[in-house]
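# Residue-level structure breakdown
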Amino acid sequence: MATTVQDLAEKAGDERITMLTAYDAPTAEIVDEAGVDVILVGDSMGNAVLGYDSTLPVTVEETQSRTAAVARATDEAMVVADMPFLSYGVDESEAIENCGRMLKEAEANAVKLESGPHTVELTERLVELGIPVMAHLGLTPQRFNQLGGYFRQGTDEESASEMLELAKAHEEAGAFSLVLEHVPSNVAAQITDAIDIPTIGIGAGPDTDGQVLVLNDVFGLSDRSPYFSDQFGDVKAEMERAVEGYREAVESGEFPASEHSYEEAEIDEIY
Ligand code: KIV
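Here is a short report on the structure shown in this document. Computed from a predicted structure; not experimentally measured.

Thresholds applied
- The residue numbers shown here count from 1 along each chain, following its written sequence.
- pLDDT decides what is reported in this predicted model: residues at 70 or higher carry local features, side-chain atom pairs at 80 or more are listed and counted, and totals for whole chains, interfaces and linings draw on all residues regardless.
- With hydrogens and water excluded, all non-hydrogen atoms of the structure serve as input to the side-chain values.
- Near, as used in this document, describes a residue that has one of its heavy atoms within 4 Å of the molecule or strand being considered.
- In the analysis that follows, any N or O atom pair within 3.5 Å is treated as a polar contact, provided that within protein one partner can donate a hydrogen and the other can accept it, and provided that, for residues neighboring in sequence, both atoms belong to side chains.
- Throughout, the Shrake-Rupley method with a 1.4 Å probe supplies accessible areas, and for residues the shown protein chains are the sole cover considered.
- Polarity classes work like this: nonpolar for Ala, Val, Leu, Ile, Met, Phe, Trp, Tyr, Cys and Pro, charged for Asp, Glu, Lys and Arg, and polar for all others, with Gly in that last group.
- Here, nonpolar core means buried Ala, Val, Leu, Ile, Met, Phe, Trp, Tyr and Cys residues that are tied together by side-chain atoms lying within 4.5 Å of each other.
- Note on classification: 1.4 Å probe, protein chains only; a residue is buried when its accessible area is under 20% of the maximum for its type, exposed when over 50%, partly exposed between these limits.
- Counting from the N terminus, the helices are the DSSP runs of H or I reaching at least four residues and the strands are the DSSP runs of E reaching at least two.
- Every residue pair with non-hydrogen atoms within 4.5 Å of one another is taken to be in contact.
- Note on method: axes are straight lines fitted to C-alpha atoms, helices fitted across the in-contact stretch only, with angles between N-to-C directions ranging 0 to 180 degrees.
- Any angle that falls under 35 degrees is termed roughly parallel, while one over 145 is termed roughly antiparallel, one within 65 to 115 roughly perpendicular, and all others oblique.
- When the near helix sits turned anticlockwise from the far one by under a right angle, the crossing is termed left-handed; a clockwise turn instead gives a right-handed crossing.

A word on the site of the ligand. Neighbouring the ligand are Thr21, Leu40, Gly42, Asp43, Ser44, Asp82, Lys112, His136, Val179, Glu181, Ile202 and Val214. Serine 44 is positioned with one of its side-chain polar atoms (N or O) 2.5 Å from an oxygen atom of the ligand. One of the side-chain nitrogen or oxygen atoms of aspartate 82 is found 3.1 Å away from an oxygen atom of the ligand. Protein burial of the ligand: of its 260 Å² of free accessible surface, 96% is covered by the chains. Its residues placed into classes, the shell around the ligand shows four nonpolar, four polar and four charged.

Put into structure tokens, the structure is as follows:
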């Protein structure tokens, strides 16, 4: 049985919750085998693997396909499908259908919604239907056009209090956890204290119940990454080394060698 909503609730406060993104089977397997609690099939796939400039073009079909690949490769971690821009919040039944597809067809364990006043009722309805919801406040990148960029949020008392009220509203609506992105660490700490569901921070300081990062940043595959992220390996250099090695070996005739080839002794001349 994969990590459950209840497991995360029990862990919070005692041990730190770990979450990473993944968008395909081989990397999901690595993340799962490393013992990470939650794999988020983030809409960051737009930039990280699909070649878009933002998360906005990501579709329900892309999310479903990537989520299914991740779920097939994951045994232990909870798999959370990050609902793409406008796949929720426009029409309730369409949102329920889109979220439902992630559990019914892609075998996700939960969905994440970039949250706001417009997602409180939807969260309640989804939870009522048996779809666990991870909420997301602070910087919600699907709103970058409205926010004027990817800026820190909750930087004055009024906006920080609004965030706290929304966090409480989503807890009350039944969300099982809350991502806090790019908010001052003292705001994240106070929200974490004020609610009972686990908070998972990214750019939110050390006092949330858990942490999440984008896998490409962790791997060292991103050309640019935010200051609050960190690189824990240099996978890009290793991939470059492998590809260069292959090209050189083919060009020099070193590859394929005799152990990579098979000669059929029964065949003489065919022309
Ligand atoms: O899409 C994503 O990767 C996210 C995380 C940064 C929380 O939403």
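Quick look at the nonpolar core now. The biggest cluster of nonpolar side chains holds 35 residues, and the ones touching the most others in it are Met19 and Met134. The set of elements that each furnish at least two residues to this core consists of β1 (17-21), α2 (25-33), β2 (38-41), α4 (60-73), β3 (78-82), β7 (199-202), β8 (210-213) and α10 (215-219). What methionine 19 contacts, discounting residues up to four positions off in sequence, is Val36, Val38, Leu40, Met134, Val179, Ile200, Gln211, Val212 and Leu213. By size, the runner-up hydrophobic cluster in this structure holds 16 residues, among which are Met163, Leu166, Ala175 and Ile195.

A word on the packing of helix α8 (residues 157-173) against helix α9 (residues 185-194). Two numbers describe how α8 lies on α9: the axes approach to 10 Å, and their chain directions differ by 30 degrees. Considering the angle they form, α8 stands roughly parallel to α9. For the element pair α8 and α9, the recorded crossing hand is right-handed. Here α8 contributes Ala160, Met163, Leu164, Ala167 and Lys168 to the contact with α9, which in turn contributes Val187, Ile191 and Ala194. Along the lines of polarity and charge, the residues of the contact of α8 with α9 split into seven nonpolar, no polar and one charged.

Interpretation note: all reported values are geometric properties and have no functional meaning in isolation.
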